[in-house]
Amino acid sequence: MKLYEYMGKELLAEYGIPIPEGGVAATAEEAAELAGKIGSVVLKAQILSGKRGKAGGICFTDNYVEASRVAADLLGSQLNGYQVEAVLVEKKLQIDREFYLAISVDSAARKPIILASAKGGIDIEDVPEEDLVKMNLDVTVGMQPFVTREITRRLGVTDVVAKQIAEILGKLYRLFVEMDAELVEINPLVISGETVIAADAKITIDDDALFRQSSLPTVQERTAAEKQAHELGLSYVELDGEIAVMANGAGITMATLDLIQFYGGTAANFLDAGGGAGIEQTAKALELLLAKKPKVILINIFGGITRCDDVAKAFAYVKQNGGIPVPVVFRLVGTNEERGREILLAEGINAYKLMHEAAQKAVEIVKGN
Amino acid sequence: MAIYLFADTQVLVQGITGNQGSFHTRQMVSYGTRIVAGVSPGKGGQNLDDIPVYHTVAAAVADHRVDASILFIPAPFAKDAAFEAIDAGIKILVLLPEHIPLHDTMAIMAFAQCRGTTVVGPNTFGVVSSGKCKIGIMPNRFFLPGNIGVVSRSGTLCYEIVANLTACGYGTSTVVGLGGDRVVGLNFIDVLQEFEKDQQTEAIVLVGEIGGSSEEEAAEFIKSNVTKPVIVYLAGKSAPPGKRMGHAGAIIERGKGTFEGKVQAFEAAGVPVAQLPFQVPGILDKALKK
């Protein structure tokens, strides 16, 4: 779960990391009030996307009337595909240098990794490798002084700045661990005179750990259908093609999408019903697909822990109760396959054995229409 | 010979009395796996069929030689169960659960490394040395003995590939599911290294997907370390950038982990990449010059 910048900064502040004076505004009046109190400010649109500055989502002003006008323009507008619902109003910093500081997870090393650079700011992704300090952390020892000494040495900063960055790193790591973060990123970490301040915050919390992070607000990034699927325990992503897809397992669902593309069709969605989906879950997944009014539905089941007869029963149930007004192409093999095929035959469906044949058929149906 | 698991491997099941645990224990036993004991806190002294159930792992290993353990434990409690197995000295740990918090996984990996335990997963279907020992949840009938080593990040897709191989007369030596999470224990390189040494394995099928960089690392490794033929299938060619496709790893970020990048890496290493799953056996025929 990605957090909005203002939520991330609230967390940073809770852990004692310096952030600029400011507050979040949901209306132009609130923005004007904050600007009037602070003086020279920056207004930042709160969306779950980077590159806000380049999209016009970051504006500077030292006038509260103008702050109100800018906030009114930003609020409700679309930026990088996201609707702006809040604006962060903060004191404008005197920026002498911009650093980059992050802690993330290094899959290859199976450990946390610290990323730091003395060349932070908007183009961090283009910073050459030699200007990036990378250091893995051993979770059994955590953020020790020797780690921060090495990082600040490689950043080449003065003692006064090094001391502050070391403190920030310690607090940031504690936040990273205690809040179950996948990523904590400060870009830029601003050096203003001799003071170090976090001018931005990008924090992503591990979805699998949300059950034990009940203090966090809920940030919804999914579409309504994606949210519904999530609540059903299905993995669902909306796409913009014509063939609705359901399969069991992320890899095989992707492979099914690849086959559709190979035969010249387009997929309406990615729906991984998971391993071991029962009758009720499968029926709900089918209803979700139907709601999007696809031209054809392609169901690709390789039953391991998923039982073919359960999937077939769910299909028969939905067909008999709500009806299925579009053609359905089935591929069914694996556990309890024979029983599943019988149930489908009674519904007038002859299931394929090979997934590429089923995908090809689904594409043909769309093209025939 | 196969890798990791052998006919005499003795297995413990943690969470043996649960729904999934008991069902898959019976499936593993019917495949021929030597399940010597189970653990379910609070249920020590019971039996599942004729398998003794213990309250703790320590109690189980006091009575039995245990070479490997598999976890059927809900994700929030998986860390404790994994620590328990590692602490008891078990050398192979199969982490089946999906949705284990990332920080828990990193803690498990650190402890396992320190104690010399091999971890498979999390979010894996397990490992099977065909005809000898299955530790996992894959459907028994597709895993017949043979000379092809298979290593995969995803589950059902791997069954698909293995079923295609079986249908064309290719059995498998060992099939390893690495798991779909961002941080997993065994990786492609570890398994490729074992297959290269294994006398039973004649060729290797690697099933990868978009996201992450483990396929690229594998390609680099194959170039100078693997002499046996390797065939690759990659899922996710049609996936739009930036969309998460189920697996935590299957996301394309910052131009890394793309389908094209991975194909190029394998081709540069002289490794053929199948366009579609059913093409794998045909490419294997050519590689083995049948």
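Residues numbered from 1 in each chain as written. Chains lettered and ligands numbered in written order. Predicted model: local features only at pLDDT ≥ 70, side-chain atom pairs only at ≥ 80, totals over all residues.

### Comments concerning the domain arrangement of chain A
Once the domains are mapped, chain A shows domain 1 (21-91), domain 2 (97-212) and domain 3 (224-368). In this structure, domain 1 of chain A and domain 3 of chain A have C-alpha centres spaced 45 Å apart. (Domains from an automatic or database assignment.)

### Describing helix H1 (residues 5-14) of chain A
Residues and elements named next belong to chain A. When H1 is considered as a whole, its buried residues turn out to be Glu5, Tyr6, Gly8, Lys9, Leu11 and Leu12. In the core, the buried residues of H1 are packed alongside strand E1 (22-25), strand E2 (41-45), strand E6 (87-91), helix H5 (159-178), strand E11 (195-198) and strand E12 (202-205). A positive backbone phi angle near 85 degrees is found at Gly16, which sits one or two residues after H1. (Buried ≥ 20, exposed ≤ 12 C-beta atoms within 10 Å, placed from the backbone. Helix = DSSP H or I, 4+ residues; strand = E, 2+ residues; numbered from the N terminus. Contact = placed C-beta atoms within 7 Å.)

### A closer look at the interface of chain B and chain A
Chain B puts 45 residues into the contact, and the matching count from chain A is 44 residues. Broken down by element, the residue count for the side of chain B that touches chain A peaks at six residues, all from helix H4 (residues 102-115) of chain B. Residue classes in the side of chain B that touches chain A are distributed as 23 nonpolar, 13 polar and nine charged. (Nonpolar A, V, L, I, M, F, W, Y, C, P; charged D, E, K, R; others polar.)

### Re the sheet that holds strand E13 (residues 230-235) of chain B
Within a sheet, neighbouring strands are paired by backbone hydrogen bonds and run either parallel or antiparallel to one another. All names here are of chain B. Read from one edge to the other, the open sheet built from seven strands follows the order E9-E8-E11-E10-E12-E13-E14, with strand pairing classed as mixed. This sheet does not close on itself; its edge strands, each paired only once, are strand E9 (133-136) and strand E14 (273-274). Sheet analysis places strand E8 (residues 126-129) next to strand E11 (residues 172-177), joined by three bridges and oriented antiparallel. When the bridges of E11 are listed, Val127 appears paired with Val176. (Pairing = 2+ DSSP bridges.)

### Quick notes on helix H4 (residues 145-155) of chain A
Residue pairs spaced three or four apart in an α-helix point in one direction, given the helix's 3.6 residues per turn. All names here are of chain A. Burial in H4 covers these residues: Val147, Thr148, Ile151 and Thr152. Projected down its long axis, H4 carries its buried residues within an arc of 120 degrees, all on one side. Residues of H4 that are exposed and angled more than 90 degrees away from the buried face: Pro145, Phe146, Arg149 and Arg153. Buried positions along H4 lie against strand E8 (111-117), strand E9 (133-136) and H5. Residue Gly156 follows H4 closely and has a positive phi angle near 65 degrees. (Arc of directions from axis to C-beta.)

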